[in-house]
Amino acid sequence: MATLASTRPAHVPEEHLGDFNLMDDPSMLPRPNGEPHAAIAKLLDGPPVFYSLNNTRNGEGAWFVIRAEDQRRVLQDGETFSSNRNIFASALGETWPTIPLELDPPEHGKWRSLLNPPLSPRRVMNLEPFVRQRAVELIDEIKARGNSCEVMSEFAFPFAVSIFLQFLGIPNDRLMEFVGWANDLLHSTPEARTKAARTVIAYLDDLQELRRREPTDDFMSFVTQAEVDGRKLTQHEVKQMSVLLFIAGLDTVAAALGFDFLYLARNLDDQALLRAEPQRLTLAAEELMRAFPTVTPVRRATRDVELHGRLIKAGDLVACPSMTANRDPAEFPEPEKIDLAREDNRHVAFAYGPHRCLGSHLARREVVIGLEEFLARVPEFRIKEGVDPIVNGGFVFGVENLVLTWN
Ligand code: HEM
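Residues numbered from 1 in each chain as written. Predicted model: local features only at pLDDT ≥ 70, side-chain atom pairs only at ≥ 80, totals over all residues. Heavy atoms only, no water.

A.B. asks: Account for the overall build of the chain, naming residues and giving values.
C.D. replies: From N to C terminus, the chain includes 14 helices and 15 strands. The C-alpha radius of gyration of the chain comes to 21 Å, within 12% of the 22 Å expected for a compact globule of 407 residues. Its C-alpha atoms give the chain principal-axis dimensions of about 60 × 55 × 40 Å. Both charge centroids of the chain, one from 45 positive and one from 59 negative side chains, sit 2 Å from each other. (Helix = DSSP H or I, 4+ residues; strand = E, 2+ residues; numbered from the N terminus. Rg over C-alpha atoms; globule rule 2.2 N^0.38 Å. Lys, Arg positive; Asp, Glu negative; His and termini not counted. Charge placed at Lys NZ, Arg CZ, Asp CG, Glu CD.)

Okay, structure coming up:
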């Protein structure tokens, strides 16, 4: 298991340490045929709360809250468990929160009200024809190249990025540049990450200026014209929001699609069923989201608080992996079984509480439409022999390489 690298804080007794590390546990690192969901689900057999050393980029430890009920308590209580963590700004050596993700109540609420309408189910419905068209174009390009593809780089990632571009009002001819920046931002060295963060911000700042002068019908125009507390938003606030949309909806959507393709390539009966009965896809995508969620929300305690006899001190990080909550037997009968017709599926892939994913309507439609069009256009696909898929765990689980082939 993991090497425990950083020092144990004085208030954490030895017996409250857990031998698991989201950052560099071997089961979490990118590897061929990795099964990070199965590995992390084993934590459900152990203590409900434990402290793990060296869990963040700066080597800070974190408390892990394993069970769904306890995670609800943490994620619904924004006063005790703060979201203010400067994840994006830290790449620039700066300290400012993204909006609304890293704001706490009551400030958080007013931004959330502003952002709900442009991400509502009705607005998402207006975007659907474009989402479908992008899916079809990418799949047609793949088919024109032959009878195999690396589905992450040729479909899932450019698909998610091009929908972000459309949503913000950025021309699609910038697609490959944005794909590159997103990749550097999310999967590269600290230097490349900083460079990409600066480039993306500069681009979004220019776009913002343009839309203030010449608004059209897109998200950037909406936020540059919108008002909060009876005033227009500042340039900095618009930046704090638009960079969040960039990081929130790319890896997450691509990873969800990646895990779905991986499952379907390994389970040909289910693939055949969904191809024959595509009306099952909406329910099936929810079950796959339950079984293969990707995000671990993290909070920082604002006061001392006790959970299952553990003292979480003010300032401690608290991690709530959706992967363990989604396989908690107290919430889901037979949690290890993947049942594509599972009803009443209240999974937490999109989190609980005030920060519950604002893009969940869009994300759901992207995943379902992406799968629908792929299954409609590509015959039975499998994993290409001799090319093992690379899967990673960590704070956002993902699929890095998945080569599919068909006849
Ligand atoms: C399958 C895809 C997605 C998953 C699994 C996902 C998951 C999540 C999770 C777990 C959170 C809460 C994080 C926390 O509490 O710390 C969140 C927040 C958020 N997500 Fe998503 N997300 C997805 C797609 C998207 C998309 C496509 C967008 C944008 C269009 C988006 C926008 C946001 C925003 C703005 C927040 C912050 C909400 C707030 O703080 O009030 N997400 N997402």
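Following the structure, the description resumes.
A.B. asks: Tell me about the site of the ligand, and name the residues and values.
C.D. replies: Every one of the 26 residues lining the ligand counts as a neighbour, but H108, R112, R299, H355 and C357 are closest to it. Measuring from an oxygen atom of the ligand, one finds a side-chain N or O atom of H108 at 2.8 Å. A distance of 2.7 Å is found between an oxygen atom of the ligand and a side-chain nitrogen or oxygen belonging to R112. Every element with two or more residues in the shell around the ligand is listed here: α3 (107-115), α9 (235-248), α10 (251-266) and α14 (360-377). When the residues that make up the shell around the ligand are grouped by side-chain class, the tally is 18 nonpolar, 5 polar and 3 charged. (Near = heavy atom within 4 Å. Polar contact = N/O pair within 3.5 Å; in protein donor to acceptor, adjacent residues only side chain to side chain. Nonpolar A, V, L, I, M, F, W, Y, C, P; charged D, E, K, R; others polar.)

A.B. asks: I'd like a description of the environment of T234, backed by residues and values.
C.D. replies: With respect to the element layout, T234 can be found in the loop between β7 (231-232) and α9. For T234, a relative accessible area of 38% puts it in the partly exposed group. Ignoring any residue separated from it by four or fewer positions in sequence, one finds T234 in contact with Q208 and R212. (Buried < 20%, exposed > 50% of the residue type's maximum accessible area, 1.4 Å probe, protein only. Contact = heavy atoms within 4.5 Å.)

A.B. asks: I'd love a proper account of the sheet that holds strand β13 (residues 390-392), names of residues and values included.
C.D. replies: If you trace the 3 strands from one edge of the open sheet to the other, you get β1-β13-β14, paired in antiparallel fashion. In this open sheet, the two strands that pair with only one neighbour each are β1 (31-32) and β14 (398-401). Relative to β14, β13 runs antiparallel, the two sharing 3 bridges. When the bridges of β14 are listed, V391 appears paired with V399. (Pairing = 2+ DSSP bridges.)

A.B. asks: So what's going on with the coordination of the iron atom of the ligand? Which residues, and what values?
C.D. replies: The protein supplies the iron atom of the ligand with one donor atom, C357 (SG), which lies at 2.3 Å. Take C357: it is sitting in the loop between α13 (322-325) and α14. (Donors = N, O, S within 2.8 Å, 3.2 Å for Na, K, Ca; no water.)

A.B. asks: Tell me about the pattern of salt bridges, and name the residues and values.
C.D. replies: Counted by the stated rule, this structure contains 26 salt bridges. Across the salt bridge formed by E60 and R300, the nearest N and O atoms sit 2.8 Å from each other. One end of the pair, E60, is in the loop between β2 (49-52) and β3 (62-65); the other, R300, is in strand β8 (residues 298-301), and 240 residues separate them in sequence. A relative accessible area of 24% means that E60 is categorised as partly exposed. R300 sits in the partly exposed class, given a relative accessible area of 27%. Within the structure, one salt-bridge network assembled from shared partners comprises R132, D140, E372, E373 and R377. (Salt bridge = Lys/Arg side-chain N within 4 Å of Asp/Glu carboxyl O.)

A.B. asks: Tell me about the sheet that holds β3, and name the residues and values.
C.D. replies: What the 5 strands build is an open sheet, ordered β2-β3-β11-β8-β4; its pairing is mixed. At either margin of the open sheet sits one strand with a lone partner, and together these are β2 and β4 (81-82). Across 2 bridges, β4 lies against β8 in antiparallel orientation. Of the residues in β8, the one forming a bridge with F81 is A301. Against the sheet, helix α2 (residues 68-76) touches β3, β4, β8 and β11 (317-319), its axis set at about 125° to β3. (Axes fitted to C-alpha atoms, helices over the stretch in contact; angles between N-to-C directions.)

A.B. asks: I'd like a rundown of the packing of helix α4 (residues 121-145) against α14, residues and numbers included.
C.D. replies: Two elements in contact, α4 and α14, have axes whose closest approach is 9 Å; the angle formed by their N-to-C orientations is 35°. Every pair of crossing elements has a handedness; the one defined by α4 and α14 is right-handed. Residues P121, V124, L127, E128, V131, R132, A135, V136, I139, D140 and K143 of α4 lie in contact with α14, whose contacting residues are H361, L362, R365, E366, I369, E372, E373, F374 and R377. Here the residues of the contact of α4 with α14 are counted per class, giving 10 nonpolar, 1 polar and 9 charged. (Left-handed = near helix turned anticlockwise from the far one by under 90°.)

A.B. asks: Which residues make up the nonpolar core, and what are the values?
C.D. replies: The biggest cluster of nonpolar side chains holds 112 residues, and the ones touching the most others in it are F155, L168, F261, F374 and F381. Beyond its immediate stretch of four places on either side in the chain, F155 contacts A135, L138, I139, I142, E150, L257, F261, G370 and F374. One finds W63, V65, I312 and V348 within the second-largest nonpolar core, a separate group that totals 19 residues. (Core = buried A, V, L, I, M, F, W, Y, C linked by side-chain atoms within 4.5 Å.)

A.B. asks: Explain α4 residue by residue, including any values.
C.D. replies: An ideal rise of 1.5 Å per residue puts 36 Å on 25 residues; α4 measures up with 35 Å between its terminal C-alpha atoms. Within α4, the axis deviates most sharply at L127, by approximately 45°, and proline P129 lies no more than four positions further along. Turning to α4, its buried residues are V124, L127, E128, F130, V131, R134, A135, V136, L138, I139 and I142. Among the structural elements, β5 (148-150), α5 (151-168), α6 (175-187) and α14 are those in contact with the buried residues of α4. (Expected span 1.5 Å × (residues − 1). Bend = angle between axes of the 7 residues up to and from the residue.)

A.B. asks: An account of the packing of aromatic side chains is needed here, citing residue identities and associated values.
C.D. replies: Each aromatic ring pair is summarised here by two numbers: the centre-to-centre distance and the angle between the ring planes. Inspection of the entire model under this criterion finds 20 aromatic pairs. Geometrically, the ring pair formed by Y51 and W63 is edge-to-face, given 5.0 Å between the ring centres and 80° between the ring planes. Of this pair, Y51 sits in strand β2 while W63 is found in strand β3, placing the two residues 12 residues apart along the sequence. Pairing F261 with F381 gives two aromatic rings, centres 6.0 Å apart and planes at 70°, and the pair type is edge-to-face. (Phe/Tyr/Trp six-rings, centres within 6.5 Å; stacked < 30°, edge-to-face > 60°.)

A.B. asks: Can you break down the environment of A196 residue by residue, with the values?
C.D. replies: Structurally, the position occupied by A196 is in helix α7 (residues 190-213). Relative accessible area serves as the criterion here: at 2%, A196 is assigned to the buried category.

A.B. asks: Before we move on, can you summarise unusual backbone geometry with the specific residues and values?
C.D. replies: With an omega of 5°, the peptide bond running from I99 to P100 counts as cis. As for its placement among the helices and strands, P100 is situated in the loop between β4 and α3. Cis geometry marks the peptide bond from P105 to P106, where omega comes out at 5°. By the secondary structure assignment, P106 is in the loop between β4 and α3. We note that H308 has phi near 50°; this positive angle belongs to a residue other than glycine. With respect to the helices and strands, the residue H308 is situated in the loop between β9 (305-307) and β10 (310-312). According to the relative accessible area criterion, H308 is partly exposed, its value standing at 43%.

By themselves, these figures tell us nothing about what the structure is for.
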